[in-house]
Amino acid sequence: MTNYGLVIPTYQPILDAGRTAPELVATAVEAERLGLDSVWVGDTLARAPLDALTVLAAFAARTSRVTLGTSALLPALRNPLLTANQLLSLDLLSSGRLTVAVGAGFAGRSEPEFAFAGVPWERRRARLDDIVALWRAVWSGATSFHGSVLHHDTLPVFPAPARPGGPPVWLAAYTPGALERVGRLYDGWLPYPPDPADYGTGLSRIRATASRPVTPALFATVLVEDDPVRGGELLEEYCERNYGRPAAFVQGIQMQVRGSAAEVAAQLRKYEGVEHFLLRIASTDPKVFDEQLPRVAEVVNLLRLPQGP
């Protein structure tokens, strides 16, 4: 069964536009009411966001069914053992509803964040893999850990997680090296390629070499707008505000789609093999976002309809 989630913006642009922290929690509640399967928040030090794990804890207190996820957490910016405890606590508070998508940072954008945290940019992918392995070690009751970057002769003892081994951890990446590492080290894959064929190729490579089950997911930026002129203007405005780049540039890097509900659903169906769609609304304007949310739910309802032979 395919799942559909909503990415809830917690970054500076939407906060500057008037969105409040309690309203973000209300958005998660509304997403659950509308029938979505999950809610997700991002993570960065670049644009003064609300803390991802704190926000998810608030979501956990006000929802009962939806999966809670990060899209994507940058583990290198935090103490690995303290983060393991935070994630474990959040998973227990939500009765096992947590999924943790992680990333190693985006070259050309993330270097200042690593500098803020005092973490070397070099070997960032090996550090990420070690952090995730360390989390799993302490969630499983290990007493020591020795990776390629991180070394601990002793480890703290934490409570048992809601699920054996702790919450699933997905890798948000698309490089050739990432495709090989996903199938060995991670529980899911979260890319955002603009070309459906690239997604299919990547998924085939993962499945050909995977030594563990992997959930294929997709991070998709969507704008549901019947008027193509207005849709283009809104998407252009979003890309300039969020990235400081025109939409044409951003669309060459990440998956974005706009159009009527039927058109958006048709574009998403081109990504074959996806088991969990993460849908990000292309707006940092609270009013537009709130107008878009039921329309995104309309897209999800269309995607859930059985397709003919």
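Our subject is the structure that appears above.
Residues numbered from 1 in each chain as written. Predicted model: local features only at pLDDT ≥ 70, side-chain atom pairs only at ≥ 80, totals over all residues. Heavy atoms only, no water.

## Structural notes on the layout of surface pockets
And then number 1: The space that makes up the second largest pocket amounts to roughly 150 Å³.
And then number 2: Considering the residues around the second largest pocket, the lining is formed by Thr2, Tyr4, Leu268, Arg269, Tyr271, Glu272, Gly273, Val274, Phe277 and Leu303.
And then number 3: Each residue belonging to the lining of the second largest pocket can be placed in one class, and the counts come to six nonpolar, two polar and two charged. (1 Å grid on protein atoms, 1.4 Å probe; cavity = no way out; pocket = protein on both sides within 12 Å on 5 of 7 lines; lining within 4 Å. Points joined across faces, edges and corners; volume = space filled by probe spheres on them. Nonpolar A, V, L, I, M, F, W, Y, C, P; charged D, E, K, R; others polar.)

## Here we look at the pairing of strand S4 (residues 98-102)
When a strand is regular, its side chains alternate between the sheet's two faces.
And then number 1: Burial runs high along S4: five of the five residues are buried.
And then number 2: The two faces of S4 match: Leu98, Val100 and Val102 on one face and Thr99 and Ala101 on the other face are all buried.
And then number 3: Relative to S4, strand S3 (residues 67-73) runs parallel, the two being bridged by four bridges. Bridging across to S4, Leu73 finds its partner in Val102. (Buried < 20%, exposed > 50% of the residue type's maximum accessible area, 1.4 Å probe, protein only. Helix = DSSP H or I, 4+ residues; strand = E, 2+ residues; numbered from the N terminus. Pairing = 2+ DSSP bridges.)

## A look at the side chain of Ser38
And then number 1: Among the structural elements, Ser38 can be located in strand S2 (residues 38-41).
And then number 2: We classify Ser38 as buried; its relative accessible area is 0%.
And then number 3: Here His276 takes part through its side chain, which lies 2.8 Å from a polar atom of the side chain of Ser38.
And then number 4: If near-sequence neighbours (up to four positions away) are discounted, Ser38 is found in contact with Tyr4, Gly5, Leu6, Val66, Thr67 and His276. (Polar contact = N/O pair within 3.5 Å; in protein donor to acceptor, adjacent residues only side chain to side chain. Contact = heavy atoms within 4.5 Å.)

## Observations concerning the packing of helix H7 (residues 176-185) against helix H8 (residues 196-209)
And then number 1: Viewed as axis vectors pointing N to C, H7 and H8 meet at an angle of 45°, and their least axial separation amounts to 8 Å. One element, H7, and the other, H8, form an angle in the oblique class. Along this stretch, H7 crosses H8, giving a crossing that reads as right-handed. Two secondary-structure elements touch here, H7 through Leu179, Val182 and Gly183 and H8 through Gly202, Arg205 and Ile206.
And then number 2: Tallied by class, the residues present in the contact of H7 with H8 amount to three nonpolar, two polar and one charged. (Axes fitted to C-alpha atoms, helices over the stretch in contact; angles between N-to-C directions. Parallel < 35°, antiparallel > 145°, perpendicular 65-115°, else oblique. Left-handed = near helix turned anticlockwise from the far one by under 90°.)

## What about the packing of aromatic side chains?
And then number 1: Scanning all chains against the criterion turns up eight aromatic pairs.
And then number 2: Among the aromatic residues, those joined into a cluster by ring pairs are Tyr174, Trp189, Tyr199 and Tyr271.
And then number 3: The ring of Phe249 carries the charged tip of Arg245 above its face, separated from the ring centre by 4.3 Å. (Phe/Tyr/Trp six-rings, centres within 6.5 Å; stacked < 30°, edge-to-face > 60°. Lys NZ or Arg CZ within 6 Å of the ring centre and 35° of its normal.)

## Quick look at the pattern of salt bridges
And then number 1: Applying the stated rule across the entire model yields 16 salt bridges.
And then number 2: One salt bridge connects Arg19 with Asp290, and the closest N-O pair in it is separated by 2.6 Å. Here Arg19 is found in the loop between helix H1 (12-16) and helix H2 (21-33), whereas its partner Asp290 is found in helix H12 (residues 286-304), with 271 residues between them in sequence.
And then number 3: On the basis of relative accessibility, which here comes to 8%, the residue Arg19 falls in the buried class.
And then number 4: Judged by its relative accessible area of 40%, Asp290 is partly exposed.
And then number 5: The salt bridge partner of Glu30 is Arg33, with a shortest N-O separation of 2.7 Å. One end of the pair is Glu30 and the other is Arg33, both in helix H2 and three residues apart, which spans about a single turn.
And then number 6: Relative accessible area serves as the criterion here: at 28%, Glu30 is assigned to the partly exposed category.
And then number 7: One continuous salt-bridge network, built from bridges that share partners, spans Arg19, Glu23 and Asp290. (Salt bridge = Lys/Arg side-chain N within 4 Å of Asp/Glu carboxyl O.)

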